[in-house]
Amino acid sequence: MRILIRTSKTAIWARRLGSLAIPLVVLPVAMHHLGLIDSPSFLIVMMAALAVSALAVLVAVLALIRLWFSGDQGWMKALSGLFLGLICLAPFGYYGYLAYRYPPVTDIATVARGELPLLFLPDTAKMPPPILLTPDDQARIFPNATTRTYPLDVTQLFGIVDKLAIAQGWDIRRKVEPTADAPGRINARITTIPGWREEAVLRVSSTPGGASVDMRSASINAPHDFGSNGSRIEDFMIALDNEVTTLLRDNPTANQPTPADDDEPAPAVEGE
């Protein structure tokens, strides 16, 4: 007599839901990153992806429990559904951790935001009102997001800032060289991995005995920056500190003014 061993339908559904969760997570992120869907649609689809991923894990766990007691087939299907569901839940868990670690904020600057204006572009015009931190909270959460002042000429410092901004891989949209009467400024756009657009603004100004650098980083269309803006300013300023320190260490006279040439050349000496 042949004994029929059934394949658990719960295990089959766990595998199906896990397989469905993968494209629901990957495709919207890719489309949002490329600008093929807008941010509100992206949020709706990602909430659906979160629900399907969580359901895949739940169904897989139920399938494994039933398989343990029933002896049916379907262990691989249940485990596959569990694995795929957990993989899809991992990004949500990571951003959930960031949301827990950093308070909701979308705009951070080392000086008053009005001193570092964003570029006026179509998406900028549609920006929601910014979410800001109090000065005390900003100093506590992002202690290195502060103005930097160095004993360097403003033109020299602007060159270092420009080089670092390019090295970050940012999309430089505007660059204004500093003059005797006006500071230099750089506006750059950044696209995060999930596809949120952010803008960094850098200003290099002359100060008595040197030059200073201020920075602003703002989310264009995200409801929460998950710490990216403050971390971006801190990382850039720390990199700038290291760059200037290395320059002054290797070139002790880098902050000294260049000696001016004589107005008239010395007369040639003729031989007899």
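What counts and how
Residues numbered from 1 in each chain as written. Predicted model: local features only at pLDDT ≥ 70, side-chain atom pairs only at ≥ 80, totals over all residues. Heavy atoms only, no water. pLDDT = per-residue confidence, 0-100. Contact = heavy atoms within 4.5 Å. Axes fitted to C-alpha atoms, helices over the stretch in contact; angles between N-to-C directions. Helix = DSSP H or I, 4+ residues; strand = E, 2+ residues; numbered from the N terminus. Parallel < 35°, antiparallel > 145°, perpendicular 65-115°, else oblique. Left-handed = near helix turned anticlockwise from the far one by under 90°. Nonpolar A, V, L, I, M, F, W, Y, C, P; charged D, E, K, R; others polar. Expected span 1.5 Å × (residues − 1). Core = buried A, V, L, I, M, F, W, Y, C linked by side-chain atoms within 4.5 Å. Buried < 20%, exposed > 50% of the residue type's maximum accessible area, 1.4 Å probe, protein only. Patch = residues over 30% accessible without salt bridge, like charges linked within 9 Å, V, L, I, M, F, W, Y side chains within 5 Å. Areas by Shrake-Rupley, 256 points an atom, 1.4 Å probe, with all protein chains shown as cover. Salt bridge = Lys/Arg side-chain N within 4 Å of Asp/Glu carboxyl O.

**Brief notes about the confidence of the model for the protein**
Per-residue pLDDT for the protein averages 90, and the proportion of residues at 70 or more is 92%. Overall, residues 260–264 carries pLDDT values under 50, and its contacts beyond four positions in sequence, including any with other chains, amount to zero contacts. Low pLDDT, under 50, characterises residues 266–272; the predicted model gives this stretch zero contacts beyond four residues in sequence or across chains.

**Observations concerning the packing of helix α1 (residues 9–33) against helix α3 (residues 75–101)**
Relative to each other, α1 and α3 sit at 30 degrees, their axes nearing to 7 Å. Classified by the angle their axes make, α1 and α3 are roughly parallel. Taken as a pair, α1 and α3 cross one another with a handedness that is left-handed. Taken together, the residues of α3 that come into contact with α1 (itself represented by A11, I12, A14, R15, G18, S19, A21, I22 and V25) are K77, A78, S80, G81, L84, G85, C88 and F92. Classifying every residue of the contact of α1 with α3 gives ten nonpolar, five polar and two charged.

**Side note on helix α2 (residues 39–70)**
Over its 32 residues, α2 extends 46 Å from the first C-alpha to the last, a length consistent with the 46 Å expected when each residue adds 1.5 Å. Following α2 by one or two positions, G71 has its phi on the positive side, about 80 degrees.

**Points about the nonpolar core**
Core analysis: the biggest nonpolar cluster contains 31 residues, and L157, V161, W170, L202, V213 and L240 have the highest contact counts within it. Element by element, the count of residues in this core is highest for helix α6 (residues 154–167), at seven residues. One finds L17, F42, M46 and A78 within the second-largest nonpolar core, a separate group that totals 22 residues.

**Quick look at a nonpolar patch on the surface**
Among the surface-exposed residues, L55, L58, V61, L62, I65, W68, F69, W75, M76 and L79 lie close enough to one another that they form a single nonpolar patch of about 1,100 Å² accessible area. Top element by residues in the nonpolar patch is α2. It accounts for seven residues. Mapped onto the elements of the fold, L62 is located in helix α2.

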